[in-house]
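# Architecture at a glance
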Amino acid sequence: MPNKLQVPRISDAIAATLERRILEGSLKPGDRLPPERELAVDLGVSRPSLREAIQKLASKGMVTSRQGGGTYVTDVLESSFSDPWQDMMGKHPNLREDMLEFRRMLEGQAAEWAAERATEADLQRLDQTFATLMYAFESDDAQKRSDADIAFHQAIGDAAHNVLIGHLSGALLNLMHDNIRLNLGELKSVPAANRLLMSQHEAIYKGIRENKPQAARSAAETHIDFVRETLAQTLRSVARRETAERRLNTEFSTS
């Protein structure tokens, strides 16, 4: 007797649709899902089937319910990568160099594909994040500068239209957030370096905006090379300051 045709459950199809939105970045970590009634209408499904689908996603850790109401997308896809590495970054400083080497490869490819694949919506987001980044670079707020930097590079990662690049970019940028903020804060006091960073970001932006894949890739790689060199200098500078402060404190405590 032939096997019966397996008809997928409606809730499985709904869960797959929501998973796809999370994977592609339409639903990002921290986003609240639309109200149940609204989402059921949007998907053309019943509310009981929708509830069952959301429970399936919750069992995978992809969404969670919060006190006070609402279901939110978790950062499980990114935190599962970054959590163990975050601890090791602090214990093994040389790991930063490997991270930046990997980031060079990842962001170079992301910029190249973004220049080839970006849609009009991607370009609008790129315009917005680039404008925010240029404004932030005029600020003395290191947190604002690092947030804007991460948002710009994440927009490029998403515009590459490769799910793994999009999520790995997000995980890697968040993992290196403290280093990015430290580096940008140090460079703010060096006008020439600040101008270089602005021109590097502009070159990446123009390469994507003008559909020039190789120019975009080259600009992204040049930017990361600069970051690698300046981060190394920054860490040495911080180490020297900390050493000098310890010596000063020791002298005062023994005098």
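Everything in this summary refers to the structure shown in the same document. (Residues numbered from 1 in each chain as written. Predicted model: local features only at pLDDT ≥ 70, side-chain atom pairs only at ≥ 80, totals over all residues. Heavy atoms only, no water.)

### Examining the overall build of the protein chain
The condition is simple: Numbering goes from the N terminus for both helices and strands, where a helix is a DSSP run of H or I of at least four residues and a strand is a run of E of at least two. Think of it in three bands: with a 1.4 Å probe and only protein chains considered, a residue is buried below 20% of the maximum accessible area for its type, exposed above 50%, and partly exposed in between. What makes two residues a contact is simply this: any of their non-hydrogen atoms within 4.5 Å. The protein chains shown are the only cover counted for residues, whose accessible areas, like all others here, come from Shrake-Rupley with a 1.4 Å probe.
Counting secondary structure elements, the protein chain contains eleven helices and two strands. Reading the protein chain from its N end, one meets helices and strands in the order α-α-α-β-β-α-α-α-α-α-α-α-α. Looking at the protein chain as a whole, 42% of its 255 residues are labelled buried. Put simply, 73% of the contacts in the protein chain that link residues at least 6 apart link residues at least 24 apart. Carbon and sulfur atoms provide 53% of the accessible area of the protein chain, an area that totals close to 14500 Å².

### Some points on the layout of surface pockets
The condition that has to hold: The pocket and cavity definitions rest on a 1 Å grid over protein atoms only: a 1.4 Å probe that fits but cannot leave marks a cavity, an open set with protein on both sides within 12 Å along at least five of seven lines marks a pocket, and residues lining either have an atom within 4 Å of a point. Grid points are joined across faces, edges and corners, and a volume is the space filled by probe spheres set on the points. Gly is placed with the polar residues, together with every amino acid not listed as nonpolar (Ala, Val, Leu, Ile, Met, Phe, Trp, Tyr, Cys and Pro) or charged (Asp, Glu, Lys and Arg).
The space that makes up the largest pocket amounts to roughly 490 Å³. Taken together, 24 residues form the lining of the largest pocket, with Gly25, Lys28, Arg125, Gln154 and Asp158 sitting closest to its centre. Sorting elements by how many residues they give to the lining of the largest pocket places helix 8 (residues 163-175) first, with six residues. Here the residues of the lining of the largest pocket are counted per class, giving eight nonpolar, ten polar and six charged.

### Quick word on the packing of helix 2 (residues 36-43) against helix 3 (residues 47-59)
Under the convention used in this document: To obtain each axis, a line is fitted to C-alpha atoms, and for helices this fit is confined to the stretch in contact; angles are then taken between N-to-C directions over 0 to 180 degrees. Just so you know how the angles are binned, under 35 degrees is roughly parallel, over 145 roughly antiparallel, 65 to 115 roughly perpendicular, and the rest oblique.
Two elements in contact, helix 2 and helix 3, have axes whose closest approach is 9 Å; the angle formed by their N-to-C orientations is 100°. What the angle tells us is that helix 2 and helix 3 run roughly perpendicular. Two secondary-structure elements touch here, helix 2 through Glu36, Arg37, Leu39, Ala40 and Leu43 and helix 3 through Arg47, Leu50 and Arg51. Taken together, the residues of the contact of helix 2 with helix 3 break down into four nonpolar, no polar and four charged.

### With respect to the pattern of salt bridges
What counts, and what does not: Only one rule defines a salt bridge in this text: a Lys or Arg side-chain nitrogen within 4 Å of an Asp or Glu carboxyl oxygen.
Per the counting criterion, the structure on display carries 17 salt bridges. Between Asp12 and Lys56 there is a salt bridge whose closest N-O contact spans 3.2 Å. Here Asp12 is found in helix 1 (residues 10-24), whereas its partner Lys56 is found in helix 3, with 44 residues between them in sequence. Note on Asp12: relative accessible area 35%, which makes it partly exposed. Of the residues examined, Lys56 reaches a relative accessible area of 26% and is grouped as partly exposed. As a salt-bridge pair, Arg217 and Glu221 come within 3.1 Å of each other at their nearest N and O atoms. Of the two residues, Arg217 and Glu221 both sit in helix 11 (residues 213-254), four residues apart, roughly one turn of that helix. The exposure classification of Arg217 matches that of Glu221, with both residues buried. Taken together, the salt bridges that share partners define one network made up of Arg104, Glu112, Arg217, Glu221, Asp225 and Arg228.

### What to know about the environment of Lys212
The residue Lys212 is located in the loop between helix 10 (191-209) and helix 11 in this model. The class for Lys212 is partly exposed, based on a relative accessible area of 43%. Once residues lying within four places of it in the same chain are set aside, the contact partners of Lys212 are Ala115 and Gly207.

### Focus on the packing of aromatic side chains
The cut-off we apply is this: Note on ring pairs: Phe, Tyr and Trp rings are taken, using the six-membered ring of Trp, and paired if centres are within 6.5 Å. Classes follow the plane angle, with under 30 degrees stacked, over 60 edge-to-face and the rest tilted. We count a charge as sitting over a ring when the NZ of a lysine or the CZ of an arginine lies within 6 Å of the ring centre and within 35 degrees of the ring normal.
Counted according to the given criterion, the structure contains two aromatic pairs. With a centroid separation of 6.0 Å and an interplanar angle of 50°, the aromatic rings of Phe130 and Phe152 are classed as tilted. You can see Phe130 sitting in helix 6 (residues 120-136) and its partner Phe152 sitting in helix 7 (residues 142-159), a full 22 residues away along the chain. Like Phe130, the residue Phe152 is buried in the burial classification. Ring pairs connect the aromatic residues Phe130, Phe152 and Tyr205, which therefore count as one cluster. Directly above the ring of Trp113 sits Arg117, whose terminal nitrogen or CZ lies 4.3 Å from the centroid.

### Points about the nonpolar core
We count it as follows: Here, nonpolar core refers to any group of buried Ala, Val, Leu, Ile, Met, Phe, Trp, Tyr and Cys residues whose side-chain atoms link them within 4.5 Å.
Grouped together as the largest cluster of nonpolar side chains are 32 residues, with contacts concentrated most on Leu126, Leu133, Phe152, Ile156, Ile204 and Ile208. Of all the elements in the fold, those that place two or more residues in this core are helix 5 (95-117), helix 6, helix 7, helix 8, helix 10 and helix 11. Per element, the largest residue contribution to this core is seven residues, and it comes from helix 5. Sequence-distant contacts of Leu126, that is, excluding residues within four places in its chain, are made with Phe152, Ile156, Tyr205 and Ile208. If you look at the next biggest cluster of nonpolar residues, it comprises 15 residues, including Leu33, Ala40, Ala53 and Leu57.

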